[in-house]
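Below, each chain spelled out in residue letters.
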Amino acid sequence: MFEFQWPWLALLLPLPLLLPLLWRERPPQTGDTPREEQLEGERITLLHPHIEQLRTAYQARRPRRQLAGWLYRALLHLVWIGLVLALMRPQWLVPHTEVSAPGYDLMLAVDASHSMDALDFTDQGQQVSRMQVVKGVMGRFIDERAGDRIGLIIFGSGAYVLSPLTIDRAAVHMLLERVVPSIAGGSTALGDAVALGVKKLRDRPPGSRVMILVADGDNTAGNFQPLESAQLARMAGVRIYVIGVGSNQERIPILHEGQIEYWDDLTMDEDTLQRLAEVTGGAYFRATDTRALEEISRRIAELEKTESETRTAYLPEPLYRWPLGLSLAALLGLGLFPEGRRRFIVRQASS
């Protein structure tokens with residue numbers, strides 16, 4: 001399919017025809033002495049022994065002289081038309097169609113607030129943060145979901161789409177690895193994250209709309225409460241599987257401004273997370289449970305797979321070289337026929 005990217009530049013095409021109307025010859029000013037008055041009283045006579053032969057030769061060459069003037073004018077117009085067409089950026093749109101494949105629509109919503117810096121997990125005797133646990137757990141989950149469309153949402157003081165639904169699992173995994181605590185703000189907009197995930201999934205085919213929420217259960221920011229968002233998810237047919245991250249210790253160590261401090265308000269609100277999962281028909285798991293991912297995968301496999309819609313993208317192939325080449329060829333012609341320029345100027349002056 002052919003099109004111009006900037007078709008409005010075609011308004012420049014009639015500009016050479018308008019220039020003679022806009023740029024008229026300056027009328028003679030007062031005080032200027034015409035050439036005729038200077039020669040008044042003088043009689044100039046050209047004496048030539050073969051004046052009739054000269055007149056006959058001039059009449060014979062007149063059609064050729066007129067043709068040279070018209071050729072020069074045509075070449076000028078070709079130069080302008082070619083340049084304008086090149087500026088309009090002609091392009092040929094080559095269609096590329098994506099191949100659809102059956103799979104599930106999985107939206108991952110990961111808590112990226114400051115509380116994910118809490119050091120209430122251990123790995124081989126060393127303290128690790130909640131974010132490190134999330135990256136390990138969800139990284140393995142993403143790698144195992146071959147054929148599924150996976151998206152990624154992070155939330156802190158607000159909720160943001162880091163990746164739309166895509167079959168490129170490696171890209172989603174890479175984006176997840178680059179997430180750090182507080183990247184989306186220090187607070188936790190849990191309800192907003194669920195509402196945003198529902199918005200991205202509700203237009204997908206019904207039957208396989210799944211959201212996997214990774215959070216510590218606290219909701220300290222945003223416009224939606226978690227249970228309000230859960231009702232929206234239930235009405236949209238979105239199942240939410242929740243993975244709780246955190247512990248119920250009274251004082252939890254956290255990395256704050258480069259130092260380890262002990263805070264009292266970092267306990268995980270499991271009740272909210274469990275109710276959120278129950279309302280939507282999903283399930284709740286603990287991040288420390290090694291069987292959590294296997295159970296989530298098993299339950300997702302029980303759902304009905306859907307075909308992703310076939311989409312056709314058009315990739316532009318630029319064609320500006322052709323009109324630009326036409327302009328260069330016409331410009332070369334103007335250089336090869338300088339006689340036409342003189343005839344064209346004489347004709348313009350006489351008219």
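As the structure is a computational prediction, the values presented were derived from the model and not from experiment.

About the criteria used
- Residues numbered from 1 in each chain as written.
- Predicted model: local features only at pLDDT ≥ 70, side-chain atom pairs only at ≥ 80, totals over all residues.
- Heavy atoms only, no water.
- Helix = DSSP H or I, 4+ residues; strand = E, 2+ residues; numbered from the N terminus.
- Buried < 20%, exposed > 50% of the residue type's maximum accessible area, 1.4 Å probe, protein only.
- Contact = heavy atoms within 4.5 Å.
- Areas by Shrake-Rupley, 256 points an atom, 1.4 Å probe, with all protein chains shown as cover.
- Axes fitted to C-alpha atoms, helices over the stretch in contact; angles between N-to-C directions.
- Parallel < 35°, antiparallel > 145°, perpendicular 65-115°, else oblique.
- Left-handed = near helix turned anticlockwise from the far one by under 90°.
- Nonpolar A, V, L, I, M, F, W, Y, C, P; charged D, E, K, R; others polar.
- Core = buried A, V, L, I, M, F, W, Y, C linked by side-chain atoms within 4.5 Å.
- Polar contact = N/O pair within 3.5 Å; in protein donor to acceptor, adjacent residues only side chain to side chain.
- Pairing = 2+ DSSP bridges.
- Expected span 1.5 Å × (residues − 1).
- Salt bridge = Lys/Arg side-chain N within 4 Å of Asp/Glu carboxyl O.

Draft legend 1. Fine view of the overall build of the chain. A tally of regular secondary structure across the chain gives eleven helices and 15 strands. Of all 351 residues assigned to the chain, the portion counted as buried reaches 38%. Sequence separation of 24 or more characterises 80% of the internal contacts of the chain that already satisfy a separation of 6 or more. Carbon together with sulfur atoms contributes 56% to the accessible area of the chain, which is approximately 21600 Å² in total.

Draft legend 2. Region of the structure containing the packing of helix 6 (residues 190-201) against helix 7 (residues 226-236). Interaxial distance between helix 6 and helix 7 falls to 8 Å at its minimum, and their mutual angle equals 15 degrees. When the axes of helix 6 and helix 7 are compared, the pair comes out roughly parallel. The chirality of how helix 6 crosses helix 7 is left-handed. Between helix 6, through Leu190, Gly191, Val194, Ala195 and Val198, and helix 7, the contact on the second element is made entirely by Pro226, Ser229, Ala230, Leu232, Ala233 and Ala236. A class-by-class count of the residues in the contact of helix 6 with helix 7 yields nine nonpolar, two polar and no charged.

Draft legend 3. Summary view of the nonpolar core. Counting 30 residues, the largest nonpolar core has Leu108, Val134, Met138 and Ile212 as the members making the most contacts within it. Among the secondary structure elements, those contributing two or more residues to this core are strand 4 (105-111), helix 4 (130-144), strand 7 (149-155), helix 5 (169-177), strand 9 (209-215), strand 10 (239-244) and strand 13 (283-286). The greatest single-element share of this core, amounting to seven residues, is contributed by helix 4. Not counting the four nearest positions on each side in its chain, Met138 is found in contact with Leu108, Leu176, Ile212, Val214 and Ile243. Ranked by size, the runner-up nonpolar core spans 24 residues in total, among them Val198, Leu213, Ala215 and Ala236.

Draft legend 4. Region of interest: the side chain of Ser115. By the element assignment, Ser115 lies in the loop between strand 4 and strand 5 (121-123). Within the structure, Ser115 has its side chain in polar contact with the side chain of Ser113 (distance 2.9 Å).

Draft legend 5. Here's a closer look at the pairing of strand 7. Strand 7 sits mainly inside the fold: seven of its seven residues count as buried. Taking every second residue as pointing to the same face, both faces of strand 7 are buried, with Arg149, Gly151, Ile153 and Phe155 on one and Ile150, Leu152 and Ile154 on the other. Judged from the seven bridges that link them, strand 4 and strand 7 form a sheet pairing that is parallel. Bridging across to strand 7, Met107 finds its partner in Gly151. Pairing of strand 7 with strand 8 (residues 159-166), which is carried by five bridges, proceeds in the antiparallel orientation. Bridging from a neighbouring strand, Ile150 pairs with Thr166 of strand 8. The hairpin turn running from strand 7 into strand 8, its antiparallel successor, is three residues long.

Draft legend 6. Representation of the sheet that holds strand 13. Sheet architecture is open: six strands sit in the order 8-7-4-9-10-13, paired in mixed fashion. In this open sheet, the two edge strands, each paired with only one partner strand, are strand 8 and strand 13. Shown here is a sheet whose adjacent strand axes are inclined to one another by a mean of 15 degrees, direction ignored. Sitting on the sheet, helix 4 is in contact with strand 4, strand 7, strand 9 and strand 10, with an inclination near 170 degrees to strand 4.

Draft legend 7. Layout of helix 6. The end-to-end C-alpha separation of helix 6 is 17 Å, in line with the 16 Å expected for twelve residues at 1.5 Å each. For helix 6, the tally of buried residues reaches ten of twelve residues, placing the bulk of the element in the interior. Along helix 6, the residues that are buried comprise Leu190, Gly191, Asp192, Ala193, Val194, Ala195, Leu196, Gly197, Val198 and Leu201.

Draft legend 8. Structural view of the environment of Leu11. Take Leu11: it is sitting in the loop between strand 1 (2-4) and helix 1 (15-22). We classify Leu11 as exposed; its relative accessible area is 71%. Sequence separation between Leu11 and Val84 is 73 residues; the distance between their C-alpha atoms is 9.1 Å.

Draft legend 9. Seen up close, the pattern of salt bridges. Per the stated rule, a full pass over the model turns up three salt bridges. Asp105 is the salt-bridge partner of Arg149, the closest N and O atoms lying 2.6 Å from each other. Here Arg149 is found in strand 7, whereas its partner Asp105 is found in strand 4, with 44 residues between them in sequence. Taking the relative accessible area as the measure of exposure, Arg149 reaches 5% and is therefore buried. Between Asp105 and Arg204 there is a salt bridge, with the nearest N and O atoms lying 3.4 Å from each other. A residue pair is termed long-range when its members are at least 10 positions apart, and Asp105 in strand 4 and Arg204 in the loop between helix 6 and strand 9 qualify at 99 residues. A relative accessible area of 0% places Asp105 in the buried class.

Draft legend 10. Local environment of the pairing of strand 12 (residues 259-263). As paired strands, strand 11 (residues 252-256) and strand 12 are joined by five bridges and run antiparallel to one another. By the bridge assignment for strand 12, Leu255 is matched with Ile260. Hairpin connection from strand 11 to strand 12: two residues lie between these consecutive antiparallel strands, with Glu257 at a positive phi of about 55 degrees.

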